[in-house]
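Coordinates in review
Listed here are the chains, written in short residue letters.
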Amino acid sequence: MFIALRDLTFAKGRFLLMATVVALIAFLLTILSGLSTGLIRNNISALMALDISHIAFEYNDKPSYRNSMVDREMWEGWREHPSVIDTQPLGHTMFNARTKDDLPLNEVVLWGIEPGSFLEPAVNRGEQLGRLENGVVIASKLVEKGIDIGDVLILDRVLTELEVIGVTDEHYIGHVPVIYTLLPKWQEATYGPPGGPPPGEKLPSILFDYASVIALQIKPDTLPGELQTTDEDLGTITIDKTAAYEASTGYVEEVRTVQMIQAFLFVISAVVMGAFFSVWTLQRTKEIGLVKALGASNIYLLKDSLGQVLLLMIGATVIGTLAAIQVGRLMEGSGFPYLLVPETVMASAVMLIIAGLFGSALSLRLIMKIDPIVALGREQ
Amino acid sequence: MSLTVEHVQLVLGESNQRVTVLDDVSFNVKPSSLTAVVGPSGAGKSSLLAVCGGLRTPTGGSVSIDGVVISDLTPAARTRIRRDQIGFVFQQSNLVPALTAIDQLLLLVHLQGRRPTKVDRQRALALLDEVGIANLMDRRPNQLSGGEQQRVGIARALMTSPDILLVDEPTSMLDQVRGQQIVELLATECREHRVATLMVTHDHSMLESATEVLNIVDGRLSVARSANREKLL
């Protein structure tokens, strides 16, 4: 690094310009990382919070929560599977809702679950499901919209009335806040007539034999083949929890879009660094030839150049990332779907540095090819 | 240690474009002597220097330093020889732009895989003092005149106490007076440090200080003035 460090101060204008470009890319990557994580949270946080390993959908090439319908035979069939630790039916329906005072909530997703089961969310305020037949635990996002414990929500079209009894974390699916109710109430709202059964009558019992999907806790050492046989027997398709995220509306498209932008930024970083250091190397051909003529080995010069690239990349990446973290803090508090996770930020910063090193590999090749004869004023 | 060149031939280019740059060149440079090679442009002076410095491999013949044939060594071994045993003085401006005068010298210590010590710094300062520019040690090449840059080049070439000093057109960018001063300085340093020095130049007015003068034309060498100063040609 003897020459590299002195080059940095000697040509500080050029290196500053380059560092600014890298810092801006690092800034963008960190912001994107925050947006990506924020969007993921905003799309599947309710799924992420579930203590499950797999979800069984009604068989479909592209399983989705919206189109899946499973019956009692299916979830009881899964309950008997030797690899299943526990299983629960889960109801999923999207509704428009409003308060009794006509405050619109736009869309909410109603999840029907068994109280006390492993699907039940932890409640931050209020009480758990079970005491009230029409009680609901709402995602905290709805509290920001003015809903609180004791309020009554009315689901549009079906006119089912639900009373808020508790508040849980920010649980979303498909960017829509989730409200949890008892499975029978969900079945009534989803399959029953608007306004519930006529006075004095009961809904047909068959309505209570259906749900949307089956949440499964499966032993970790279970082979995929063991599940496949039961899937074929019961007419379901079982996927693990991570794959089940993709069944959430728009999840794949959003994640891929952000990942594509990130990939482009990595490529841009590699190209920019490659171009800069190639031009820098070409400009220094005579100087590098001179140092070689004085007795510098290729290894010495490669270490020197690599050190310079690393120093520039690390310094600029740290500055860009720290700046983005500061801006991100403001975004987190302003309602954006933005969440910075240290591991993700670190990963994208390291990837950026690797991309820069990869790009500069071209200049390292140029260095190796320079003939020390140029020190004598000869062309290579 | 002496530099011995025996029947060196250097042919460049391929098939019908082959050019014989050096043709059966033989001579010997002893410690403390300054051998000058003169000749017109394109005569093969710099090629001779490149072959002697291990920057070019001769097509035939051999170049040896104290009996070690460097022309037979691998590129990596030749790099080590250049680093440890050969000092180069190039034409003006052949300094590393980012380095100060003293760093130009300390770079050679670094190339040897050592971190420059206080002793190295003192030696570098002493060498800069010898060539008369110790007071400019913190200046970069763009802050030095042509003559000053050439003095830095000479000090740098002596930094590793080389056995052989190879000097390429040291006065090409200097006026007559400064050129003369540089060549005299080289001759002095060559004697004081007991270095075998080979200098190529096209400037005949700079030959007074040389121990021996060789003439090169079309790659062929002839003795213009022998070591005992008897003029042969």
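Before reading further, recall that the structure is shown in the block above.
Residues numbered from 1 in each chain as written. Chains lettered and ligands numbered in written order. Predicted model: local features only at pLDDT ≥ 70, side-chain atom pairs only at ≥ 80, totals over all residues. Heavy atoms only, no water.

All names here are of chain B. By the definition in use, this model includes zero disulfides over all chains. Counting only cysteine sulfurs, Cys190 is the nearest neighbor of Cys52, a cysteine outside any disulfide, at a range of 15 Å. On the basis of relative accessibility, which here comes to 1%, the residue Cys52 falls in the buried class. (Disulfide = S-S within 2.5 Å. Buried < 20%, exposed > 50% of the residue type's maximum accessible area, 1.4 Å probe, protein only.)

Turning our attention to empty space enclosed by the protein. Counted according to the given criterion, the structure contains four cavities of 30 Å³ or more. By volume, the largest cavity is sized at about 90 Å³. Classifying every residue of the lining of the largest cavity gives five nonpolar, five polar and one charged. (1 Å grid on protein atoms, 1.4 Å probe; cavity = no way out; pocket = protein on both sides within 12 Å on 5 of 7 lines; lining within 4 Å. Points joined across faces, edges and corners; volume = space filled by probe spheres on them. Nonpolar A, V, L, I, M, F, W, Y, C, P; charged D, E, K, R; others polar.)

This brings us to the nonpolar core. Membership of the largest hydrophobic core comes to 93 residues, with the highest contact counts inside it found for Leu3, Leu22, Phe27, Leu107, Leu166 and Leu198 of chain B. Not counting residues within four places of it along the chain, the set of residues in contact with Phe27 of chain B comprises Leu3, Thr4, Val5, Leu48, Cys52, Leu198, Leu214 and Leu221 of chain B. Counting residues in hydrophobic clusters, the runner-up holds 33 residues, among them Ile55, Val109, Ile165 and Ala215 of chain A. (Core = buried A, V, L, I, M, F, W, Y, C linked by side-chain atoms within 4.5 Å. Contact = heavy atoms within 4.5 Å.)

In this structure, the largest pocket occupies an estimated 430 Å³ of space. Contributing to the lining of the largest pocket are 23 residues, with Ala296 of chain A together with Pro75, Ala76, Thr79 and Arg82 of chain B lying nearest its centre. The leading source of residues in the lining of the largest pocket is helix H2 (residues 75-85) of chain B, at seven residues. Each residue belonging to the lining of the largest pocket can be placed in one class, and the counts come to eight nonpolar, eight polar and seven charged. (Helix = DSSP H or I, 4+ residues; strand = E, 2+ residues; numbered from the N terminus.)

For the rest of this paragraph, the subject is the sheet that holds strand S5 (residues 68-69) of chain B. All names here are of chain B. Strand order across the open sheet formed by four strands is S2-S1-S4-S5, with antiparallel pairing between neighbours. Two strands in the sheet have a free side with no partner beyond their single neighbour: strand S2 (19-29) and S5. As defined by bridge partners, strand S1 (residues 3-12) adjoins S2 across seven bridges and the pair is classed as antiparallel. Of the residues in S2, the one forming a bridge with Val5 is Phe27. The sheet contacts of helix H1 (residues 45-52) involve S1, S2 and strand S4 (60-65), and relative to S2 the element is tilted by about 60°. (Pairing = 2+ DSSP bridges. Axes fitted to C-alpha atoms, helices over the stretch in contact; angles between N-to-C directions.)

If you look at the interface, chain A gives 24 residues, while chain B gives 28 residues. With both sides pooled, the region where chain A packs onto chain B buries about 2,300 Å², and carbon together with sulfur makes up 67% of that total. When the buried area of chain A at its contact with chain B is split by residue, Phe2, Leu294 and Leu376 of chain A rank highest and sum to 30% of it. In this assembly, chain A and chain B are joined by two salt bridges. Between Arg6 of chain A and Asp103 of chain B there is a salt bridge, with the nearest N and O atoms lying 2.8 Å from each other. The interface formed by chain A and chain B includes five residue pairs in polar contact (both at pLDDT 80 or more). Sorting the residues of the side of chain A that touches chain B by element identifies helix H1 (2-10) and helix H9 (285-293) of chain A as the ones contributing at least two each. (Buried area = accessible area lost by both parts, 1.4 Å probe. Salt bridge = Lys/Arg side-chain N within 4 Å of Asp/Glu carboxyl O. Polar contact = N/O pair within 3.5 Å; in protein donor to acceptor, adjacent residues only side chain to side chain.)

Here the focus is the environment of Asp103 of chain B. Relative to the helices and strands, Asp103 of chain B resides in helix H3 (residues 101-111). Taking relative accessible area as the criterion, Asp103 of chain B reaches 12% and is therefore assigned buried. Each C-alpha atom of the pair Asp103 of chain B and Ile216 of chain B lies 36 Å from the other, and the pair is 113 residues apart in sequence. A distance of 2.8 Å separates the side chain of Asp103 of chain B from the side chain of Arg6 of chain A, its partner in a polar contact.

Moving on, we get to the pairing of strand S8 (residues 196-201) of chain B. Residue and element names in this part refer to chain B. In terms of residue burial, S8 counts as a mostly covered element, since six of its six residues are buried. Side chains Ala196, Leu198 and Val200 project from S8 onto one buried face, and the interleaved Thr197, Met199 and Thr201 project onto a second face that is buried too. Judged from the five bridges that link them, strand S3 (residues 34-38) and S8 form a sheet pairing that is parallel. Across the sheet, residue Leu34 finds its bridge partner in S8, namely Thr197. Bridge count for strand S7 (residues 164-168) against S8 is five bridges, and the pairing is parallel. Bridge pairing in S8 places Val167 opposite Met199.

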